[in-house]
Amino acid sequence: MKIDLTDTNSSKINSGLIEARRAIGAGAVGMVLTLVIVTDEGSAYDALKAAGEASREHPSRILAVISRPGRSPRARAEARLDAEIRVGSDAGTGETVLLRLHGELASQAQSVVLPLLLPDAPVVVWWPENAPENPARDPLGALAQRRITDAVSAESPVAQLATRALTYSPGDTDLAWTRITPWRSMLAAALDQRHVKVESAVVEGESYNPSAELLALWLASRLDIKVERVVTDGPGLTTVRLRTAGGDITLDRSDGLLAKLSMPEQPDRMVALKRRETSELIAEELRRLDPDDIYATSVKYGVEKLHQDGPEHETVDAADPEPAPAPIPAAPVASATRTKAVPKAAAAAPDAAKDAPAKPSGRKSASS
Amino acid sequence: MSEEAQSVLEEETGVVNAWLNPLRDPADRRLPRIAGPSGLVIFGVTGDLSRKKLMPAVYDLANRGLLPPGFSLIGFARRDWEDEDFAQVVHDSVKEHARTPFREEVWQQLAKGMRFVQGEFVDNDAFEKLRETIEELDKAQGTGGNFAFYLSVPPKFFPQVVEQLKAHGLADPPKGSWRRAVIEKPFGHDLASATELNRVVHSVFPRDEVFRIDHYLGKETVQNILALRFANAMFEPIWNRSYVDHVQITMAEDIGIGGRAGYYDGIGSARDVIQNHLLQLMALTAIEEPASFHPKALVAEKLKVLSAVKIPKDLGLHTVRGQYTHGWQGGEEVLGYLEEEGIDPKSTTDTYAAVKLEINNRRWAGVPFYLRTGKRLGRRVTEIAVVFQRAPYLPFDSSATEELGQNALVIRVQPDEGVTMRFGSKVPGTSMEVRDVSMDFAYGESFTESSPEAYERLILDVLLGDANLFPRHQEVEESWKILDPIEEYWDKHGKPAPYESGTWGPAEADEMLARDGRSWRRP
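Model, not experiment: these values are computed from the prediction.

Moving on, we get to the overall build of chain A. Check the secondary structure of chain A and you find 11 helices and 14 strands. The buried share among the 368 residues of chain A stands at 49%.

Now for the overall build of chain B. Broken down by element type, chain B carries 16 helices and 18 strands. What you see for chain B is a C-alpha radius of gyration of 25 Å, in line with the 24 Å of a compact globule of 523 residues. Taken over the C-alpha atoms alone, chain B extends approximately 80 × 65 × 40 Å along its principal axes. Sorting the 523 residues of chain B into buried and exposed places 42% on the buried side.

All right, on to helix α3 (residues 83-97) of chain B then. Residues and elements named next belong to chain B. Taking 1.5 Å per residue, 15 residues should reach 21 Å; α3 reaches 21 Å between its end C-alpha atoms and fits that length. The set of residues buried in α3 consists of Phe86, Ala87, Val89, Val90 and Val94. Around the axis of α3, the buried residues are gathered within 160° of arc, so they sit on the same side. More than 90 degrees from the buried face of α3, the exposed residues found are Glu84, Asp92, Lys95 and Glu96.

Turning our attention to the nonpolar core. Among the nonpolar cores identified, the biggest contains 218 residues, and Val36, Ile37, Val65, Leu99 and Leu215 of chain A are the most heavily contacted of them. Apart from the residues lying within four places of it in its own chain, the contact partners of Leu99 of chain A are Leu63, Ala64, Val65, Ile66, Leu81, Ala83 and Val112 of chain A.

Attention now moves to the interface of chain B and chain A. For an interface, size is often stated in terms of accessible area lost upon the parts coming together. On the chain A side, the residues contacting the 36 residues of chain B number 33 residues. Elements that contribute at least two residues to the side of chain B that touches chain A include exactly α4 (104-111), α5 (124-140), β17 (434-442) and α13 (443-446) of chain B. In terms of residues, the side of chain B that touches chain A owes the most to one element, α4 of chain B, which gives four residues. Residue composition of the side of chain B that touches chain A, grouped by class: 15 nonpolar, 10 polar and 11 charged.

Every regular strand shows the same layout, with side chains that alternate between the two sheet faces. Residues and elements named next belong to chain B. Counted residue by residue, strand β7 (residues 244-252) has eight buried out of nine residues, so it is predominantly covered. Relative to strand β14 (residues 381-388), β7 is paired through eight bridges, and the arrangement is antiparallel. Across the sheet, Val244 pairs through a bridge with Phe388, a residue of β14. Summarising the sheet, β7 and strand β13 (residues 369-374) pair through six bridges and their orientation is parallel. Across the sheet, Gln248 pairs through a bridge with Tyr370, a residue of β13.

This next bit is on the domain arrangement of chain B. All names here are of chain B. Domains assigned within chain B are domain 1 (32-184) and domain 2 (218-515). Here the C-alpha centre of domain 2 lies 34 Å away from the C-alpha centre of domain 1. At the interface, 15 residues of domain 1 touch 10 residues of domain 2. For the side of domain 1 that touches domain 2, the elements supplying multiple residues, two or more each, are α2 (48-63) and β5 (179-184). Looking at which element gives the most residues to the side of domain 1 that touches domain 2, the answer is α2, with six residues.

A word on the confidence of the model for chain A. Scored by pLDDT, chain A comes out at a mean of 78, with 79% of its residues at no less than 70. Here residues 306-368 of chain A scores under 50 on pLDDT; set against residues more than four positions off or in separate chains, the count is 117 contacts.

With that settled, consider unusual backbone geometry. If a residue is not glycine, its phi is most likely negative; likewise, a peptide bond is most likely trans. The omega angle of the peptide bond from Lys185 of chain B to Pro186 of chain B is 0°, so this bond is cis rather than trans. Of note, the bond from Gln414 of chain B into Pro415 of chain B is cis; its omega dihedral lies within 30 degrees of zero at -15°. Inspection of the secondary structure assignment puts Pro415 of chain B in the loop between β15 (408-414) and β16 (418-426). The backbone phi angle of Asp120 of chain A is positive, close to 65°, even though this residue is not glycine.

Cut-offs and rules
- Residues numbered from 1 in each chain as written.
- Chains lettered and ligands numbered in written order.
- Predicted model: local features only at pLDDT ≥ 70, side-chain atom pairs only at ≥ 80, totals over all residues.
- Helix = DSSP H or I, 4+ residues; strand = E, 2+ residues; numbered from the N terminus.
- Buried ≥ 20, exposed ≤ 12 C-beta atoms within 10 Å, placed from the backbone.
- Rg over C-alpha atoms; globule rule 2.2 N^0.38 Å.
- Expected span 1.5 Å × (residues − 1).
- Arc of directions from axis to C-beta.
- Core = buried A, V, L, I, M, F, W, Y, C linked by C-beta atoms within 7 Å.
- Contact = placed C-beta atoms within 7 Å.
- Nonpolar A, V, L, I, M, F, W, Y, C, P; charged D, E, K, R; others polar.
- Pairing = 2+ DSSP bridges.
- Domains from an automatic or database assignment.
- pLDDT = per-residue confidence, 0-100.

Structural data, given as structure tokens:
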């Protein structure tokens, strides 16, 4: 059932929610958290759809905060709150409220959201795009235990990762990190089976995909090794190669669905490694609401190195004029296409992204 | 890896310089526990259990990314099938029964490791072929010699199958690998047969490598009993004889014996259900806090409770068995037990059993535990109801509390998993009147809509070698020690009380509780 409230306030919305629940005959149901989605009209639909599906696993009150600051000075001066309440089959398993914040109110969203949070339940804020520089300092982010950003939506994903590292506070997490959980678990499982020291590693994947950087950072921080980042055509991540004395451990996925795990002295094996929907990512995020220390270590790892090795590496890139146009997955050691240790890749990123954003397979590692 | 972690690991495993995977970290809780390289061999793979539960569970595990790459599944049965026929059967049963959506790439990953071995249990060639298949899979799929043998066959074949496994060297793991046996209930039909079965199985597989499936222990709600009791502060203080009046544990089925006449007749509901499921539920409800969740710590506490169980002196007054008769159940006309096909019309097998047990320890002395189970009862339900004593004094008019019952905490094991609390509340209005209300926690509302199936959890635990959710052989033997005297008494005295299908059991069961001044809950 849907209720539209125009020019309203939080307490009217609260009564609206109770009324809507009564009308469909359901009592206060066991919702486990409040999910605040900060978005605009453009991406609200997709985000709500994903959150609605995730709510099948985590019944929640979903508050979509949609800013409409207005273009004209007159529109900006008028502050108004419109709300749309959805309960029952229209809203997954919980309740959904779309909050449209007009004019000046757009910058005061926390005043609307605070009274609508479920009592005593955790709060999660998700910015599908346009996340603030410092999520924990954001007025809405400050209300939450968990703040979900998505570096992939940024203009320069790698620069975004650097920002995330700088402003990290416990409870921050990024969907680029969530996306690589299956990769990480498969690589960990591979090392469960083969007890060897990894000497170095290569991560290959399409450009503008911060997941590849994060995976490389994670490997570098856990294994204390050099990790190269190679740009390929994708989709998403394509190959991870762990170099060991006995040979390479390779996890290779060219079609975004089914991967091949190759290990020395063992037959190649197929592994289902599907690229997941946003709803599945959100569901995974909501499963644990405590700070993700491993993410923190990984994302920060690059930033420290970034300041050390940064400038040095740009020169290396520039001096390497002849790399083949496409990546060379067949030659593991050949780093012809601007293979570079991750920290450097990340370091070069901010500038490089500005330079050549449109050439994914270019030799400038910036975009990786 | 930190030195501290390394030393802890060495302490736990007793191996110096044990491998600690640098990619794993206890803080990294996104990474699931994935089983190591391994395979599963199912005997009796054409059976119902295998098609409806095991195969879908294997697929669901693969779909959730919890199976190792190269995981292999070998079916063993009498049918004359090729690998492809077998794969087709698995495919169909997965499509029909799996909990998670069907995905082609997951299927492809699984299908590569599927093999079928045709043969009888006496057939030496078949077991030789099984051995070759396992060796072939070690090469082709990298299963590393780790195999679990799931005996989804009638218990009379257990000795035969394990002997064959031994004879063909299948029970001996190559160095650095494991071989495990998984067996389903019934674990014998009395103490003597259970001990014998344990002896046979343990003569082939080491004790720690034998996994007894009691699928109830794989259920989220059952695992939640421990969380409810030991993770919270508000229940444990009243979880004792000072506050608890009695406990009722019920497992009711609405179906009859179906096609299981051959198995069921002569076994009966007490052996089928009370000996394993209900006594396990009782043990979890009653145990003291284990020192840790290490399997050994948990089993030690469960054994203490089971060995402290006292059966009533007069079994005639405090146990009841029944048999369903012709009647109407949920709008359908159904046959009585004695009219079912394949049942001896003079059979005295119980299809309903209720017993009163007490636990002789400081916490529970004097608190009766009423266990009941039956077929063709009102509806399908399993629950544990902890019923509390009445308030010592009620400062209200007697008329005000007329409708107030005893407080109760009910753990709903299935269906509609959750926890209910019943307590008195004032009825809105000008006069003081107190009536029972319930407060509900439902899994379906607060957590994922579909919890993993019990078999998913249990199969994964077998592959991981985690024995926490499996009853150990001592528990099985202790349970039979409780049930044997009752069965003996029933054999010598009287016969099952008839009850109409679709009701909540024979009148004798109600009388049994009435004698103690109590009554059964309607679940």
